Amino acid sequence: MRVTFCQGLLSGAIVLNLLILYYVSRAQQQMMEKRKDFGRGSRRAGLQASNLAGGLAGPVSGLAAGGGVEGNARGPRVTVLLREFENFENYVTDVASSFLRARPELPFLAVADTLPYPPLVLPEGGARLLVLFPSPDQPPQAHRPEFHVQTEFVLLVPDGVELEQGRAVERLIRELEGEGGGPVRLVAAPVLARSAARCLHLRVSLREWTATYTQAASGSSGSVCTALQGDAVVLLRTEDLFNLSVPLGRPLFPSLFVQTSLRGWKVKLLESPLFSARHRPLFSSAHNQWKADTGLKEATARLMRGFGLKRLLLPDGKEQWHGCGKETPRCFGTVRDDTPDYLYMERWTPPCCLRALRETAKHVVNILESSGVRYWLEGGTLLGAARHQDIIPWDYDVDLGVYLEDVPNCDQLKNLDSGSLVDASGYVWERAVEGDFFRVQYSEVNHLHVDLWPFYPRNGVMTKDTWTEHKQDVEFPEHFLQPLVPMPFAGITAYAPNNPRAFLELKFGEGVIENPQYPNPARKRLDRSKL
């Protein structure tokens, strides 16, 4: 049988593909074997890199990388990891010594962002320092913690804690394994100290840029919740820890529990303390305590900005804000196609921006009312008042209509042809460059704003001189404004057309109140199933 040129070419291509597939599979298998053998054949290279990066105190032992223990074929199951400590005053040496005295087979790893100064002096024979910030002369595994923890579990311990009962670690392992792979993925033991650990419930809404903490009730056999506050030792599986996007962020507990709560994981807090802390308070002077508190605030702000959380609601009812304010620009840039950038991130208007819009609207309404300027909630702002009694959760400005003939009554508006005006409260009043209307900005830096649209009656119809391309920007009968009626909006009472539903359906279409949608569905459509 003769083989044609095409058949030969096809046969050769098949053979070549099979060879490529074989070598690719072989390479992948070798890479997997290298990863599995990191604690054996390749451990020495990794630890040498860690030596250079972390400034080890004393020689590195095989225990530190999770190797076997003499007389124990399985080796240690737990790596003790200390993440939270301050360079200027800490008890890392005492913590390491305490654990190594009671359980010398357990590897101990202190983790810092940069090389601590003054240098840490760690006990020899099982304690190591890992520096997370990469050095250009070191391989990547030298600074990645997942390469330095080769045990099944990780025990996260706070600074100043001591291990007095050697079997306390096994108690935590039994508790975690007893959960059988359910939602409880972390087990914690309180530390006998001044700052007692408490169970909290944490709800994180990335869409609303908000984390909400509330108190959790305590049970007789231990509390199950989604976050902790105070001093505690936490055990979790190594695989779970390093499946988090930021496994060792600081502050550790906020970083850890924001991520675990988003995954639906829970933490079980045991009732009785298993660990003690002789070093409380941690800092010997008020100055060092101030430095630690200041560093904690700064680290929390960095962490929350990184996670995209602008607002924290704390268990005591207080709030922490990590977004924009009067002295900073707004959280989003120029809006294109009526679709702000955060909608593409599956998020809504940041709460700090909504707060600024509410404050600006309240300020403008107060001035208009005191000046005798007739105004009403317009467009999407009226829609938000009808639907939410507030700003629409994804809106980015506020619109008010005003009677053109009343503009001279307002000192802030009547002279704007000659430039902008910054009032006593820092709000900026100006004539908009886009057309014949007015704009009031939150501040000179933060350009969140209220737009004032001047209308005038003509043959019983309200009209104006500047029109946009928005479908709702149309003329309407003046009888909607005769009379204006009060309406709850954004924490105040503002004036609105006397038949809001008919007014809105004239502008937007029938059923607009009951059928929410983003401003430009052609660019980004609201998934109503997630409301």
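So, how was this worked out
- Residues numbered from 1 in each chain as written.
- Predicted model: local features only at pLDDT ≥ 70, side-chain atom pairs only at ≥ 80, totals over all residues.
- Heavy atoms only, no water.
- Helix = DSSP H or I, 4+ residues; strand = E, 2+ residues; numbered from the N terminus.
- Areas by Shrake-Rupley, 256 points an atom, 1.4 Å probe, with all protein chains shown as cover.
- Pairing = 2+ DSSP bridges.
- Axes fitted to C-alpha atoms, helices over the stretch in contact; angles between N-to-C directions.
- Polar contact = N/O pair within 3.5 Å; in protein donor to acceptor, adjacent residues only side chain to side chain.
- Contact = heavy atoms within 4.5 Å.
- Buried < 20%, exposed > 50% of the residue type's maximum accessible area, 1.4 Å probe, protein only.
- Disulfide = S-S within 2.5 Å.
- Core = buried A, V, L, I, M, F, W, Y, C linked by side-chain atoms within 4.5 Å.
- pLDDT = per-residue confidence, 0-100.
- Salt bridge = Lys/Arg side-chain N within 4 Å of Asp/Glu carboxyl O.

## With respect to the overall build of the protein chain
Point 1. Secondary structure summary: the protein chain contains 12 helices and 24 strands in total.
Point 2. With the model as given, the accessible surface of the protein chain reaches about 26,200 Å², and the carbon-plus-sulfur share is 52%.

## Points about the sheet that holds strand β14 (residues 319-321)
Point 1. Spatially, the five strands line up as an open sheet ordered β9-β6-β7-β13-β14, and their pairing is mixed. Both edges of this open sheet fall to β9 (227-229) and β14, since each of them pairs with a single strand only. If you compare each strand with its neighbour and ignore which way they point, the axes differ by 25° on average.
Point 2. Pairing of strand β6 (residues 198-205) with β9 involves three bridges; the strand directions are antiparallel. Bridge pairing links R198 to Q229 in β9.

## Structural notes on the side chain of N446
Point 1. Mapped onto the elements, N446 comes out in the loop between β19 (438-441) and β20 (449-458).
Point 2. One polar contact links the side chain of N446 to the main-chain carbonyl oxygen of G325, over a distance of 3.1 Å.
Point 3. Within the structure, the side chain of N446 is placed 3.4 Å from the backbone oxygen of T328, a separation counted as a polar contact.
Point 4. Excluding anything up to four places from it in sequence, N446 contacts C324, G325, K326, T328, P329, R330 and Q441.

## Details of the environment of G435
Point 1. For G435, the position within the fold is in the loop between β18 (428-431) and β19.
Point 2. Among the residues examined, G435 registers a relative accessible area of 21% and is labelled partly exposed.
Point 3. Separated by 18 residues in sequence, G435 and W453 place their C-alpha atoms 9.8 Å apart.

## Some details on the environment of A299
Point 1. The residue A299 is located in helix α7 (residues 286-307) in this model.
Point 2. When the C-alpha positions of A299 and G249 are compared, they lie 9.2 Å apart, and in sequence the two are 50 residues distant.
Point 3. Ignoring any residue separated from it by four or fewer positions in sequence, one finds A299 in contact with R250 and P251.

## Description of the environment of F133
Point 1. Topologically, F133 is positioned in the loop between β3 (127-131) and β4 (153-157).
Point 2. Between the C-alpha atom of F133 and that of L115, which follows or precedes it by 18 residues, the distance is 8.4 Å.

## Points about the state of the cysteines
Point 1. Taken as a whole and assessed by the stated rule, the structure comprises one disulfide.
Point 2. Residue C324 stays outside any disulfide, its sulfur separated by 3.7 Å from that of C331, the closest cysteine.

## Considerations on the nonpolar core
Point 1. Grouped together as the largest cluster of nonpolar side chains are 65 residues, with contacts concentrated most on L368, W376, L400, L413, W429 and L452.
Point 2. Grouped together as the second largest cluster of nonpolar side chains are 40 residues, V111, V149, V154 and A197 included.

## Things to note about the confidence of the model for the protein chain
Point 1. Of all residues in the protein chain, 86% attain a pLDDT of 70 or more, and the chain-wide mean is 89.
Point 2. Counting contacts from residues 34-72, a segment whose pLDDT is below 50, to residues more than four positions away or on other chains yields 76 contacts.

## Here we look at the pattern of salt bridges
Point 1. Under the defined criterion, the tally for this structure stands at 29 salt bridges.
Point 2. Between E346 and K524 there is a salt bridge, with the nearest N and O atoms lying 2.5 Å from each other. Remark: K524 occurs in the segment after α12 (500-508) and E346 occurs in the loop between α8 (341-344) and α9 (351-371); sequence separation between them is 178 residues.
Point 3. Residue class for K524 comes out buried when judged on its relative accessible area of 16%.
Point 4. A salt bridge links K414 to D411, with the shortest nitrogen-to-oxygen separation between them at 3.2 Å. Residue K414 and its partner D411 are located together in helix α11 (residues 411-414), separated by three residues, close to a single helical turn.
Point 5. Through salt bridges with shared partners, one network takes in R171, E175, E179 and K268.

## Regarding unusual backbone geometry
One can expect most non-glycine residues to show negative phi and most peptide bonds to be in trans.
Point 1. Geometrically, the link from R250 to P251 is a cis peptide bond, its omega value of -5° lying close to zero.
Point 2. Residue position: P251 is located in the loop between α5 (238-241) and α6 (252-262).
Point 3. Positive phi is not limited to glycine here, since W209 has a value of about 60°.
Point 4. With respect to the helices and strands, W209 occurs in the loop between β6 and β7 (210-215).
Point 5. With relative accessibility at 8%, the residue W209 sits in the buried group.
Point 6. Of note in the backbone geometry, D338 takes a positive phi value of approximately 60° without being a glycine.
Point 7. For D338, a relative accessible area of 26% translates into the label partly exposed.

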